[in-house]
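# Structural characterization, general
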Amino acid sequence: SNILDQVTRNTIVRAIWHARMRNQANFGTQSNSIYQKMTLTELVAERVYMRRMNFMEVVRVIDARIEQLRKAAREEREKIEKQLIDTRLKALERSQSNRVKQLEVRQERERQDLHQKFAQDETNLLKKHKRNYQKLVEETANRATGGIIQGDDTKQYLTKQNKSASYKTRKPHFDVVK
């Protein structure tokens with residue numbers, strides 16, 4: 001009585017249709033089959049229903065159609081994923097190339113700044129060496145000749161003019177600042 005409660009008009013129509021299809025030689029290969037028009041969820045529900053009714057040949061045909069639909073869905077998903085990955089990779093390549101260009105521009109700017117700084121340091125160092133060399137030549141000439149430089153007598157305590165001469169040629173300063 002439990003099975004008879006589940007029997008409806010659609011159940012009888014499906015059972016008759018499946019019985020006719022089973023008797024045909026090309027069962028399951030017809031292109032105009034009802035299963036070709038069903039969606040995956042409808043096919044899964046139909047498979048469960050036919051399994052309960054114990055139509056195993058129909059279940060095999062439905063399983064084949066379900067596998068076809070799943071394979072098509074899997075291929076479509078893989079195709080879409082591949083397109084998304086390719087798009088993302090192209091975006092990352094563009095981003096990376098932009099970063100590399102910015103890095104190269106920044107490095108070139110820093111290199112030019114360093115070259116300018118080194119060139120300026122070199123000129124400053126050359127000027128300093130030239131001044132030190134001239135000062136050394138003058139001090140050597142003063143020591144060699146024993147010459148004493150006379151300067152401004154108003155602030156003798158600030159003058160260091162005779163320090164370049166030898167110790168004996170320096171004038172002793174006995175003046176006391178008042």
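Residues numbered from 1 in each chain as written. Predicted model: local features only at pLDDT ≥ 70, side-chain atom pairs only at ≥ 80, totals over all residues. Heavy atoms only, no water.

## Looking at the overall build of the protein
Within the protein, the secondary structure is distributed over four helices and zero strands. Counting across all 178 residues of the protein, residues that qualify as buried make up 13%. Taken as a whole, the protein presents about 15,500 Å² of accessible surface, with 54% of it coming from carbon and sulfur. (Helix = DSSP H or I, 4+ residues; strand = E, 2+ residues; numbered from the N terminus. Buried < 20%, exposed > 50% of the residue type's maximum accessible area, 1.4 Å probe, protein only. Areas by Shrake-Rupley, 256 points an atom, 1.4 Å probe, with all protein chains shown as cover.)

## What to know about the packing of helix α3 (residues 40-52) against helix α4 (residues 56-145)
At their nearest, the axes of α3 and α4 sit 9 Å apart, and the two run at 160° to each other. Taken as axis vectors, α3 and α4 run roughly antiparallel relative to one another. Here α3 runs over α4; the crossing is left-handed. For the pair formed by α3 and α4, the contact residues are Leu-40, Leu-43, Val-44, Glu-46, Arg-47, Met-50 and Arg-51 on the first element and Met-56, Val-58, Val-59, Ile-62, Asp-63, Arg-65, Ile-66, Leu-69 and Arg-70 on the second. Its residues placed into classes, the contact of α3 with α4 shows 10 nonpolar, no polar and six charged. (Axes fitted to C-alpha atoms, helices over the stretch in contact; angles between N-to-C directions. Parallel < 35°, antiparallel > 145°, perpendicular 65-115°, else oblique. Left-handed = near helix turned anticlockwise from the far one by under 90°. Contact = heavy atoms within 4.5 Å. Nonpolar A, V, L, I, M, F, W, Y, C, P; charged D, E, K, R; others polar.)

## Quick look at the pattern of salt bridges
Opposite charge on two side chains makes pairing possible when the charged atoms of those side chains draw close. Under the counting rule described, the total for this entry stands at four salt bridges. Glu-110 is the partner of Arg-106 in a salt bridge, and the nearest nitrogen-oxygen pair spans 3.9 Å. Placement of both Arg-106 and Glu-110 in helix α4 is noted, with a separation of four residues, approximately one turn of the helix. (Salt bridge = Lys/Arg side-chain N within 4 Å of Asp/Glu carboxyl O.)

## What about the confidence of the model for the protein?
Chain-level statistics for the protein give a pLDDT mean of 79 and a share of 68% at 70 or above. Across the protein, the element-wise mean pLDDT spans from 64 in helix α1 (residues 2-6) up to 92 in α4. (pLDDT = per-residue confidence, 0-100.)

## Regarding the nonpolar core
Within the largest apolar cluster, 11 residues are counted, these being Tyr-35, Met-38, Leu-43, Tyr-49, Met-50, Phe-55, Val-58, Val-59, Val-61, Ile-62 and Ile-66. When contributions to this core are tallied by element, the ones reaching two or more residues are α3 and α4. Per-element accounting of this core gives the leading share, five residues, to α4. (Core = buried A, V, L, I, M, F, W, Y, C linked by side-chain atoms within 4.5 Å.)

## Thoughts on a nonpolar patch on the surface
Taken together, Leu-40, Val-44 and Val-48 make up a surface patch of nonpolar side chains, about 190 Å² in accessible area. Looking at where Val-48 falls in the secondary structure, it is placed in helix α3. A residue is classified by how much of its surface remains accessible, and Val-48, at 38% relative accessible area, is partly exposed. (Patch = residues over 30% accessible without salt bridge, like charges linked within 9 Å, V, L, I, M, F, W, Y side chains within 5 Å.)

## Overview of the side chain of Arg-65
Here Arg-65 is to be found in helix α4. No salt bridge is formed by the buried Arg-65, whose closest oppositely charged neighbour, Glu-42, lies at an N-O distance of 9.5 Å. Every residue in contact with Arg-65, bar those within four places of it in the chain, is listed here: Tyr-35, Gln-36 and Leu-43. (Lys, Arg positive; Asp, Glu negative; His and termini not counted.)

## Examining α3
In a regular helix each residue adds 1.5 Å, so 13 residues correspond to 18 Å; α3 covers 19 Å between its end C-alpha atoms and thus fits that length. Among the residues making up α3, those that are buried are Leu-43, Glu-46, Tyr-49 and Met-50. All buried residues of α3 lie within an arc of 125° about the axis, which places them on one face of the element. Opposite the buried face of α3, at more than 90 degrees from it, the exposed residues are Thr-41 and Arg-52. (Expected span 1.5 Å × (residues − 1). Arc of directions from axis to C-beta.)

## Some words on a positive patch on the surface
Together, Arg-70, Lys-71, Arg-74 and Arg-77 make up a region of like positive charge exposed at the surface. Tracing the chain through its elements places Arg-77 in helix α4. Residue Arg-77 is classed as partly exposed on the basis of its relative accessible area, which comes to 47%. (Charge placed at Lys NZ, Arg CZ, Asp CG, Glu CD.)

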